[in-house]
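# Inside the fold
Listed below, chain by chain, are the residues.
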Amino acid sequence: RLKPDRQTTHICLLSPASSFAELRESTAMTRPALALIAGVWITVLVHPCSSAGGLSSQQPVDKEVQEMVDGFRDEVRQRMQAKGVNGEFTKWEVKQVKTQVVAGINYFVKVAISDDECVHLRIYKALPYMQQPPQLHSVKVKQDVATEVEYFQPSEALPEFFA
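This text gives an overview of the structure that appears in the document. (Residues numbered from 1 in each chain as written. Predicted model: local features only at pLDDT ≥ 70, side-chain atom pairs only at ≥ 80, totals over all residues. Heavy atoms only, no water.)

### Some thoughts on the environment of Leu121
To keep things clear, this is the line we draw: Where helices and strands are cited, they refer to DSSP runs of H or I of at least four residues and of E of at least two residues respectively, numbered from the N terminus. Here, residues are in contact when the closest pair of their heavy atoms is within 4.5 Å.
Within the secondary structure layout, Leu121 lies in strand β3 (residues 118-126). Note: C-alpha distance between Leu121 and Asn106 (15 residues apart in sequence) is 9.9 Å. In contact with Leu121, not counting residues within four places along its chain, are Val69, Val76, Trp92, Tyr107, Phe108, Val109, Val111, Leu136, Ser138, Val139 and Phe152.

See below:
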């Protein structure tokens, strides 16, 4: 572990067992920096299957994820129709979820929109201290129901969905 002297503004490297009081005493960190560190630790604790930057294995679909995805149904429909893609859904059901821990959480979600078609959503949820709602980052359309949701770049989705 590295600790700076009182004259510097370097951030020290601490083990997860280090206390925030020790962190505050050993560095000249600001409250936002401390909140960021706390948020990352909380995110990793809440999503233990995810290593920072890597895509998790399939997560169970819970009520919280379904409600978050439900909030994007109209936005997805409107954007698809604006691009000339049929945005009429006979269903809207989360089938699969994977997560990626970044400075927040990226959710990669497979949503069934009919019996034989899905869309894949990439949703970004900021760290709790930022107090921001989830954001629809990008959407892959015309996905087969058998296709597993995976990490995807914005270039692989509809351009108007980029953040």
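### Details of the pattern of salt bridges
To keep it simple, the criterion reads: The working definition used for a salt bridge is a side-chain nitrogen of Lys or Arg within 4 Å of a carboxyl oxygen of Asp or Glu. Accessible area is worked out with a 1.4 Å probe on protein chains only. A residue is then buried under 20% of its type maximum, exposed over 50%, and partly exposed in between.
Evaluated as defined, the whole model comprises eight salt bridges. Measuring nitrogen to oxygen at the nearest pair gives 3.5 Å for the salt bridge that ties Glu75 to Arg79. With Glu75 and Arg79 both in helix α4 (residues 73-82) and four residues apart, this pair spans about one turn of that helix. Classification of Glu75 as partly exposed rests on a relative accessible area of 27%. A residue is classified by how much of its surface remains accessible, and Arg79, at 32% relative accessible area, is partly exposed. A salt bridge links Lys98 to Glu148; the shortest N-O distance between them is 2.5 Å. Here Lys98 is found in strand β1 (residues 93-102), whereas its partner Glu148 is found in the segment after β4 (135-143), with 50 residues between them in sequence. When its relative accessible area of 5% is taken as the criterion, Lys98 is described as buried. Taken together, the shared-partner salt bridges in this structure form one network comprising Lys98, Glu148 and Glu150.

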